[in-house]
Amino acid sequence: MILFCLPYAGGSETIYHSWKNHLHPSIQIVPIELKGRGKRFNEFFYESLEEAVDDIFENIKDRIANDDFAIYGHSMGSLLVYELYYKISELNLKKPKHLFFSGYKAPSIIRERENTYTLPNYEFMKKVMELGGTPKELMKNKELLEIILPIIRSDFKIIETYNYEEREEKIACDVSILNGKQDSINLEEILTWKNHVCRDFKVYNFEGNHFFINNNAENITSIINATLVDENRIKREINYGVQ
């Protein structure tokens, strides 16, 4: 089973590296690096969320043709997962076994149109800091800020210019919703995800704010293991001492 993981705004594939230590051996984690960061630092940023989804699809299409897979996304990553699912579905390709939407309200909920990404640097970073998860020291480190700021601004741009499109077809695989207890997302906004799904639907709450993902690696991967690994397989491994 392959588990593709998509980052939050400003994040890179490295946010998922520690998960390798906790996931069951049968799950192969594949964090996706987006343009403009990490090993893809020299590539141009996306102009739209659709462009980002197209790029992600090109990176995974060969692998999803032959293997069972699931997709996890946090915050912006959840929105990418949502649109990626429909791209896969519209091309009549094999659907994922499971989707994990983390730290994001249902896409159908009307959002106040914001243009945070157009703010001057100081006001923009102040908005970003209010979400939590960004070290205060970053504001004082000009060299690092010059690298990180364009990445975060670009990600905010594709989120804030995204236009939700209602679809008749509901998500036809099991879904898990993960949320931080101290996040600003309320229960109604979480449960609205159920309107998008026609299969099994579960909600998990964790201690933490919007970036609960950074402090709950073991708890989150435990849920992923329980969700993706066949129970009978685990029992056989325990009985026969398989490592």
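Here the structure is shown first, and the text comes after it.
Everything in this summary refers to the structure shown in the same document. (Residues numbered from 1 in each chain as written. Predicted model: local features only at pLDDT ≥ 70, side-chain atom pairs only at ≥ 80, totals over all residues. Heavy atoms only, no water.)

## Quick notes on the nonpolar core
Counting 50 residues, the largest nonpolar core has Phe4, Ile71, Leu80, Leu99, Phe101 and Ile171 as the members making the most contacts within it. Contributions of two or more residues to this core are made by strand S1 (2-6), helix H1 (49-64), strand S3 (69-74), helix H2 (76-90), strand S4 (98-102), helix H3 (121-130), helix H4 (142-160) and strand S5 (174-180). With nine residues, the top contributor of residues to this core is H2. Core analysis: the second largest hydrophobic core is formed by 23 residues, Tyr8, Ile27, Tyr72 and Ile220 among them. (Core = buried A, V, L, I, M, F, W, Y, C linked by side-chain atoms within 4.5 Å. Buried < 20%, exposed > 50% of the residue type's maximum accessible area, 1.4 Å probe, protein only. Helix = DSSP H or I, 4+ residues; strand = E, 2+ residues; numbered from the N terminus.)

## Comments concerning the packing of H1 against H2
Packing of H1 against H2 brings their axes to within 9 Å, and their N-to-C directions diverge by 60°. Judged by the inter-axis angle, H1 sits oblique to H2. As for how H1 packs across H2, the hand of that crossing is right-handed. Taking contact as the criterion, the partners of Leu49, Ala52, Val53, Asp54, Ile56, Phe57, Ile60 and Ile64 in H1 are, on H2, Leu79, Leu80, Glu83, Leu84, Lys87 and Ile88. Across the contact of H1 with H2, the residue classes break down as 11 nonpolar, no polar and three charged. (Axes fitted to C-alpha atoms, helices over the stretch in contact; angles between N-to-C directions. Parallel < 35°, antiparallel > 145°, perpendicular 65-115°, else oblique. Left-handed = near helix turned anticlockwise from the far one by under 90°. Contact = heavy atoms within 4.5 Å. Nonpolar A, V, L, I, M, F, W, Y, C, P; charged D, E, K, R; others polar.)

## So, the pairing of S1
In terms of burial, S1 is largely enclosed, as five of its five residues are buried. Sheet topology note: the S1/S3 ladder contains five bridges and is parallel. In the strand pairing of S3, Phe4 is matched with Ile71. (Pairing = 2+ DSSP bridges.)

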